Structures are given as structure tokens and as C-alpha cells.
Amino acid sequence: MDMPTMWLGALDHLSQRRPMRWIAFGFRELANFLIPTSCAVCSRADFRLCPECRSEIQRQLFLPPLPDGQHHYVELPLLAQQLPVSSCGIYGKELARSMLAFKNKQRYFLGAVFAPYLAAAINSSCIPQPGQLETYIVPVPSSLKATGKRGYSPVSSMLARGMRRGLYSADLAIKPVLHYRVRSILAGAQKLKSGSARRSGKEHFIAEQADTPGRPVILVDDVLTTGSTLRQAAMACHEAGYNVTLGIVLALTKPPNHESEQ
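Residues numbered from 1 in each chain as written. Predicted model: local features only at pLDDT ≥ 70, side-chain atom pairs only at ≥ 80, totals over all residues. Heavy atoms only, no water.

**Re the pairing of strand S1 (residues 71–76)**
Part 1 of the argument: With six bridges connecting them, S1 and strand S2 (residues 81–90) associate as antiparallel partners. Bridge pairing in S2 links Tyr 73 to Pro 84.
Part 2 of the argument: The turn joining S1 and S2, which pair antiparallel and follow one another in sequence, is formed by four residues; a positive phi near 55 degrees is taken by Ala 80. (Pairing = 2+ DSSP bridges. Helix = DSSP H or I, 4+ residues; strand = E, 2+ residues; numbered from the N terminus.)

Okay, structure coming up:
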């Protein structure tokens with residue numbers, strides 16, 4: 001056994017000793033006294049994310065190969081094409097509650113839980129390009145109002161965490177080339193509109209011109225509902241000269257005829 005491995009083993013053994021567990025418990029209790037916390041999903045005291053909820057979230061998310069029920073196709077009528085979309089999980093139960101906490105309740109740390117699944121789905125879907133041409137990972141942007149309220153963009157945050165941890169292959173690069181059109185800033189949130197209003201709405205996005213014509217792009221969003229957001233994002237990228245190969249989302253919302261969470 002080499003010296004670093006021996007020291008790591010000794011530290012691991014020491015951390016499992018009862019006195020060390022007491023010390024860790026004491027620090028946690030002190031932190032909870034000074035800054036009270038609760039589980040982001042079930043509100044259990046003393047945990048940012050309790051072990052049971054963490055286990056359930058991990059059970060509801062999938063690493064590739066993704067199940068058949070988590071693949072979807074978004075119609076692009078103007079191009080007479082379909083955009084394949086894959087999701088890491090189904091939107092519901094603990095996964096839905098944790099995503100809402102991440103997006104709307106400032107539980108920023110949950111991005112670290114989601115990031116590996118998103119990265120794995122993107123890596124497995126990336127098609128090697130000739131000439132070592134990078135594929136751009138393009139986050140679908142949040143509205144300016146939502147970003148201002150949250151202080152961060154959930155999708156960009158998850159992607160950035162994955163990149164910092166070295167989870168993406170070398171032929172992938174995150175490029176935020178999509179932006180909201182000025183006229184769309186005051187148009188209202190997508191989630192407040194009906195399905196028909198979303199599908200019939202004008203393009204909300206504009207994309208920066210492609211640096212290389214036909215640059216491959218993977219669009220990334222948090223939730224797929226009607227598909228209108230990804231449709232508009234794909235069309236904006238297409239008009240700017242990109243080749244949109246697929247979409248990846250963290251969760252897919254099942255149609256109303258599926259059993260829903262009460």
C-alpha cells in the first residue's frame with residue numbers, strides 16, 4: 001500500500017469513529033441553531049436535503065441508456081422535421097418538488113444533485129463531428145424577470161456545475177447564444193399561458209450568428225411541457241446558422257391522461 005492510500009484509509013477510518021461522529025453531529029446542531037434549515041423537499045428539520053428525499057430523487061432520475069418513455073419528439077413544422085428530446089426523469093413527486101425548490105425557493109445547492117444526470121445525458125447523445133468541430137451546449141435562457149428574482153438561471157447553473165467538475169467530454173462547450181427578444185421581455189411567463197397560447201405564440205428568442213455554418217447544437221432546458229419553448233429555441237438557432245441536433249431536459253411532464261401526483 002502506498003503512502004497516500006494509507007493516509008486516505010486512515011482518515012476514512014478515523015471519520016467513522018464514534019467521537020468523530022459526535023463532533024460532526026455537534027457542528028451540525030450548532031449550524032442549525034445559528035442558521036435553521038429544513039429539507040428542500042419534505043421540510044424535515046436539520047437537513048438541507050434529507051437522506052430519504054435524496055435517495056428518492058436519485059431513484060427517479062436515470063443515467064443513460066434512458067428508458068423509452070423518456071424520449072420525445074418536438075415538431076418543427078417550418079422545417080418539416082422533428083427535434084428529438086431526451087429527459088433524465090419524469091416530472092413528479094420528489095423530483096418535481098426538488099426542482100421547484102431549486103428554481104423558486106433559492107435552494108441553489110440542488111443544482112449539484114441534478115448536474116451529473118444532465119451531463120451524462122448530454123455526453124451520451126453527442127455525435128462526434130468531423131474535423132474535431134465542437135458541439136455547443138446551448139441553455140434555454142430564463143426570462144430577465146425570473147433571473148432577476150432568482151439571482152441565477154437554473155439551467156445555466158446546472159451546466160456550469162457539470163463543467164467545473166469535468167463531467168463533459170472535450171468536444172462539448174457551453175455557449176449561451178440564445179437570448180430573449182426585447183418584445184418578449186414584457187410578454188409574460190410561459191408557465192402562465194395555456195397550451196394553445198404557447199404553441200401559437202411568436203418567437204421569443206434570438207440567437208447569435210453561428211461562428212461556423214452548421215455548428216452542431218444541443219439545446220438544454222429544465223422541463224419539457226408542450227415543447228413550444230424548445231421549438232422556438234430550435235428555430236432561432238436554425239435561423240442563425242446552427243444545426244440543432246437534439247434537446248435534453250432534466251424532466252418530462254407526462255400528458256394529462258397519465259396518472260398524476262395528488
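From this point, the discussion proceeds with the structure in view.
**Section: the confidence of the model for the protein**
Part 1 of the argument: Here the protein averages 83 in pLDDT, and 76% of its residues register 70 or above.
Part 2 of the argument: The low-confidence segment residues 10–16, where pLDDT is below 50, has four contacts with residues more than four positions distant or belonging to other chains.
Part 3 of the argument: Low pLDDT, under 50, characterises residues 258–262; the predicted model gives this stretch three contacts beyond four residues in sequence or across chains. (pLDDT = per-residue confidence, 0-100. Contact = heavy atoms within 4.5 Å.)

**Re unusual backbone geometry**
If a residue is not glycine, its phi is most likely negative; likewise, a peptide bond is most likely trans.
Part 1 of the argument: With an omega dihedral of 0 degrees, the bond running from Pro 64 to Pro 65 counts as a cis peptide bond.
Part 2 of the argument: In this structure, Pro 65 sits in the loop between helix H3 (51–60) and S1.
Part 3 of the argument: Even without a glycine there, the phi angle at Lys 93 is positive, about 55 degrees.
Part 4 of the argument: Residue position: Lys 93 is located in helix H4 (residues 93–104).
Part 5 of the argument: Judged by relative accessible area, Lys 93 falls into the partly exposed class, the value being 48%. (Buried < 20%, exposed > 50% of the residue type's maximum accessible area, 1.4 Å probe, protein only.)

**A look at the packing of helix H5 (residues 111–125) against helix H7 (residues 154–164)**
Part 1 of the argument: Interaxial distance between H5 and H7 falls to 8 Å at its minimum, and their mutual angle equals 75 degrees. Our classification of the angle between H5 and H7 gives roughly perpendicular. Contacts between H5 and H7 involve Gly 111, Ala 112, Phe 114, Ala 115, Leu 118 and Ile 122 on the former and, on the latter, Met 158, Leu 159, Arg 161 and Gly 162.
Part 2 of the argument: Of the residues assigned to the contact of H5 with H7, the class counts are seven nonpolar, two polar and one charged. (Axes fitted to C-alpha atoms, helices over the stretch in contact; angles between N-to-C directions. Parallel < 35°, antiparallel > 145°, perpendicular 65-115°, else oblique. Nonpolar A, V, L, I, M, F, W, Y, C, P; charged D, E, K, R; others polar.)

**Concerning the side chain of Glu 94**
Part 1 of the argument: Topologically, Glu 94 is positioned in helix H4.
Part 2 of the argument: Other than its neighbours up to four places away in sequence, Glu 94 contacts Val 41, Glu 56, Ile 57 and Gln 60.

**Describing the environment of His 72**
Part 1 of the argument: Counting through the fold element by element, His 72 comes out in strand S1.
Part 2 of the argument: In sequence terms His 72 and Val 85 are 13 residues apart; their C-alpha atoms lie 5.0 Å from each other.
Part 3 of the argument: Setting aside its immediate chain neighbours within four residues, His 72 contacts Leu 83, Pro 84, Val 85 and Leu 224.

**A closer look at the packing of aromatic side chains**
Part 1 of the argument: Summed over all chains, the structure comprises four aromatic pairs.
Part 2 of the argument: Look at Phe 102 and Tyr 152: their rings are 5.8 Å apart centre to centre, the planes differ by 35 degrees, and that puts the pair in the tilted class. Of the two residues, Phe 102 is situated in helix H4 and Tyr 152 in the loop between helix H6 (144–150) and H7; the sequence distance between them amounts to 50 residues.
Part 3 of the argument: Take Phe 102: its relative accessible area is 2%, and that puts it in the buried class.
Part 4 of the argument: Given a relative accessible area of 11%, Tyr 152 falls into the buried group.
Part 5 of the argument: Their ring planes at 65 degrees and their centres at 4.9 Å tell us that Tyr 180 and Phe 205 sit as a pair that is edge-to-face. Highlighted residues: Tyr 180 in strand S5 (residues 178–180) and Phe 205 in strand S6 (residues 205–207), separated in sequence by 25 residues.
Part 6 of the argument: Clustering of aromatic rings is evident, with ring pairs tying together Phe 102, Tyr 108, Phe 114 and Tyr 152.
Part 7 of the argument: Between the NZ or CZ atom of Arg 48 and the centre of the ring of Phe 109, over which it lies, the distance is 4.2 Å. (Phe/Tyr/Trp six-rings, centres within 6.5 Å; stacked < 30°, edge-to-face > 60°. Lys NZ or Arg CZ within 6 Å of the ring centre and 35° of its normal.)

**Describing the environment of Lys 175**
Part 1 of the argument: In this fold, Lys 175 is placed in the loop between strand S4 (172–174) and S5.
Part 2 of the argument: On the accessibility criterion, Lys 175 (34% relative accessible area) is partly exposed.
Part 3 of the argument: Those residues in contact with Lys 175 that lie beyond four places of it in its chain are Tyr 136, Ile 137, Val 138 and Pro 139.

**Focus: helix H9 (residues 228–239)**
Part 1 of the argument: Compared with the 16 Å implied by 1.5 Å per residue over twelve residues, the 17 Å span of H9 between its first and last C-alpha is a close match.
Part 2 of the argument: Counting buried positions along H9 gives ten out of twelve residues, so the element sits mostly inside the fold.
Part 3 of the argument: Immediately beyond the C-terminal end of H9, within one or two residues, lies Gly 241, with a positive phi of roughly 100 degrees. (Expected span 1.5 Å × (residues − 1).)

**Some details on the nonpolar core**
Within soluble globular proteins, side chains that are nonpolar tend to cluster in buried spots.
Part 1 of the argument: Counting 39 residues, the largest nonpolar core has Leu 49, Leu 110, Phe 114, Leu 118 and Ile 122 as its most contacted members.
Part 2 of the argument: The set of elements that each furnish at least two residues to this core consists of H3, H4, H5, H7, strand S7 (215–224) and strand S8 (242–252).
Part 3 of the argument: Counting residues per element, this core draws most heavily on H5, which supplies seven residues.
Part 4 of the argument: The contact partners of Leu 110, leaving out residues within four places of it in the chain, are Ala 40, Leu 49, Ser 98, Ala 101 and Phe 102.
Part 5 of the argument: Membership of the second largest hydrophobic core comes to 26 residues, among which are Val 138, Ala 173, Leu 178 and Tyr 242. (Core = buried A, V, L, I, M, F, W, Y, C linked by side-chain atoms within 4.5 Å.)

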